[in-house]
Amino acid sequence: MSKKEQVILEEPEVKKAEDVEKKAGTLEVFIMGKSYKVPAGLTIMKALEYAGYRYIRGCGCRAGFCGACSTIYRLEDEQKLGFDLACQKVVEDKMYLVQLPFVPAAKAEYDIEKIRPSESKILEYYPEIARCVSCNTCSKSCPQDIEVMKYIQRAIRGDIEKCAEISFDCIQCGLCAMRCPADIKHYHVSQLARRLRGKYIDTRSKNLSKRIKEIENRKYDSEIEKMIKMNKQEIKELYKNRKIEAEEGGS
Ligand code: SF4
Ligand code: SF4
Ligand code: FES
C-alpha cells in the first residue's frame, strides 16, 4: 500500500478557521487539532466535509448501514474517548475529531465449505472469546444496540444459532472490538456464526427459495427492462414510492 493510499482524509487546500463565517448556531470543532467553525446539527462526517476535508476511506453508505465510518472523538476537558459512527453522530461544541479508516482486526482463516458447525467450532477459531470478563463494554459501544456480550456468551457456549440470531444486525463497524479489554473481535466471531448457521443449520429461507423460483421463471424480466429505460428522476420516484415488503416469516 502506498503512502498516499493510507491517507483517509485529504487536507483542505485553502481552508482556515477564520475563513469560515461566524454566525449563530455554529460550533467549534477541532480536526487534527485545528479549529473550525461548523453549523450545529451536522454529523461528524458532514462537519469534516464542511471544513473542506474529503473522505477517501472510512466512508460508505452515509446512512449507518455499512459500518465503514467508525470513529473516535473527545470533548473538551474530558479525558475519555467517545466512539461512534461518523455518519450518525452529531457534532458537539469543542469536539476533537480524527478519523479512523477501519478496524483492522485479524480474521481467522477458514473455508466455510470444509468446516462444519460443532459446539467448539467458534472457540477453535477464536479462542480469545473465553477471556471475556463480562464487562458489557461491547454492548454499550454498539451503534446497532446489539447485545454484543450476549452473543459472545452464546458463542462460548457453542450456541451458534443464537449467536447468529442476536448478531444479525451487525454492520461490522468494529467499535465493540476497539474497546474490548479481552481483545475479542466480536464481528468476526459473529460472522462465522452466521455463516455456519446459513450454510449448515438453518437453510430454510422461505423468501429466498421463493425469490429464486420467481427469477428462474423470469417473473421480473419485463420490469427490469422497463427500469433500464428510465431516467434518474424516474428511478428515484419509483424507489420513493416502492411498497415495503411485508415480513413473511422466513428469513
Ligand atoms: S467488551 Fe469484551 S470482555 Fe467486555 S463483555 Fe464484551 S466481549 Fe466480554
Ligand atoms: S456488534 Fe460490534 S461490529 Fe457489529 S455493529 Fe455492533 S459495535 Fe459494530
Ligand atoms: S458511512 Fe456507512 S455507516 Fe457510516
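In what follows, the structure referred to is the one given above.
Residues numbered from 1 in each chain as written. Chains lettered and ligands numbered in written order. Predicted model: local features only at pLDDT ≥ 70, side-chain atom pairs only at ≥ 80, totals over all residues.

### Description of the overall build of the chain
Within the chain, the regular secondary structure consists of 11 helices and seven strands. Expressed as a percentage of the 251 residues in the chain, the buried residues total 25%. Across the chain, every contact between residues at least 6 apart in sequence was considered, and the portion connecting residues at least 24 apart equals 64%. (Helix = DSSP H or I, 4+ residues; strand = E, 2+ residues; numbered from the N terminus. Buried ≥ 20, exposed ≤ 12 C-beta atoms within 10 Å, placed from the backbone. Contact = placed C-beta atoms within 7 Å.)

### Structural notes on the site of ligand 1
Neighbouring ligand 1 are 14 residues, the closest being Cys132, Cys135, Cys138, Met149 and Cys180. When contributions to the shell around ligand 1 are tallied by element, the ones reaching two or more residues are helix 4 (137-141) and helix 5 (148-156). In terms of residue count, the dominant contributor to the shell around ligand 1 is helix 5 (three residues). Here the shell around ligand 1 is built from residues that sort into 11 nonpolar, three polar and no charged. (Near = placed C-beta within 6 Å. Nonpolar A, V, L, I, M, F, W, Y, C, P; charged D, E, K, R; others polar.)

### Focus: the packing of helix 5 against helix 8 (residues 186-201)
At a closest axis distance of 10 Å, the pairing of helix 5 and helix 8 adopts a crossing angle of 55°. By the angle between their axes, helix 5 is oblique relative to helix 8. For the pair helix 5 and helix 8, the sense of crossing is left-handed. Side by side, helix 5 and helix 8 meet where Val148, Tyr151, Ile152 and Ala155 of the first sit next to His186, Val189, Ser190 and Ala193 of the second. Broken down by class, the residue content of the contact of helix 5 with helix 8 amounts to six nonpolar, two polar and no charged. (Axes fitted to C-alpha atoms, helices over the stretch in contact; angles between N-to-C directions. Parallel < 35°, antiparallel > 145°, perpendicular 65-115°, else oblique. Left-handed = near helix turned anticlockwise from the far one by under 90°.)

### A short note on the environment of Pro127
Tracing the backbone through its elements, the reader meets Pro127 in the loop between helix 3 (121-125) and helix 4. Taking the C-beta count within 10 Å as the criterion, Pro127 has 11 such neighbours and is therefore assigned exposed. Measuring from C-alpha to C-alpha, the distance between Pro127 and Ile156 comes to 8.8 Å, with 29 residues separating the pair along the chain.

### Observations concerning the site of ligand 2
Neighbouring ligand 2 are 15 residues, the closest being Cys142, Cys170, Cys173, Cys176 and Tyr187. Mapped onto the shell around ligand 2, the elements with two or more residues apiece are helix 7 (175-179) and helix 8. Across the shell around ligand 2, the residue classes tally to nine nonpolar, six polar and no charged.

### Observations regarding the sheet that holds strand 5 (residues 70-75)
Spatial ordering of the open sheet is given by 3-2-7-5-6, a layout of five strands whose pairing is mixed. Sheet topology places strand 3 (34-39) and strand 6 (82-85) at the edges, where each strand pairs with a single neighbour. On average, adjacent strands in this sheet sit at an angle of 35° to one another, irrespective of strand direction. Here strand 5 runs beside strand 7 (residues 95-97); their pairing, made up of three bridges, is antiparallel. What sits directly across from Arg74, in strand 7, is Tyr96. (Pairing = 2+ DSSP bridges.)

### Examining the environment of Asp77
Relative to the helices and strands, Asp77 is located in the loop between strand 5 and strand 6. Judged by the 6 C-beta atoms lying within 10 Å of it, Asp77 falls in the exposed class. Linking Asp77 and Lys94, residues 17 residues apart in sequence, is a C-alpha distance of 9.2 Å.

### Let's talk about the pairing of strand 2 (residues 26-31)
Summarising the sheet, strand 2 and strand 3 pair through six bridges and their orientation is antiparallel. Considered in strand 3, the bridge of Thr26 is made with Pro39. Where strand 2 meets strand 7, three bridges bridge the pair, whose relative direction is parallel. Paired with Phe30 across the bridge in strand 7 is Tyr96.

### Brief notes about the nonpolar core
Grouped together as the largest cluster of nonpolar side chains are 50 residues, with contacts concentrated most on Val189 and Ala193. When we break this core down by domain, the ones giving at least three residues each are domain 1 (3-97) and domain 2 (121-201). (Core = buried A, V, L, I, M, F, W, Y, C linked by C-beta atoms within 7 Å. Domains from an automatic or database assignment.)

### Here we look at the environment of Gly41
With respect to the helices and strands, Gly41 occurs in the loop between strand 3 and helix 2 (44-50). Take Gly41: there are 11 C-beta atoms within 10 Å of it, and that puts it in the exposed class. For the pair formed by Gly41 and Val91, sequence separation is 50 residues and the distance between their alpha carbons is 6.8 Å.

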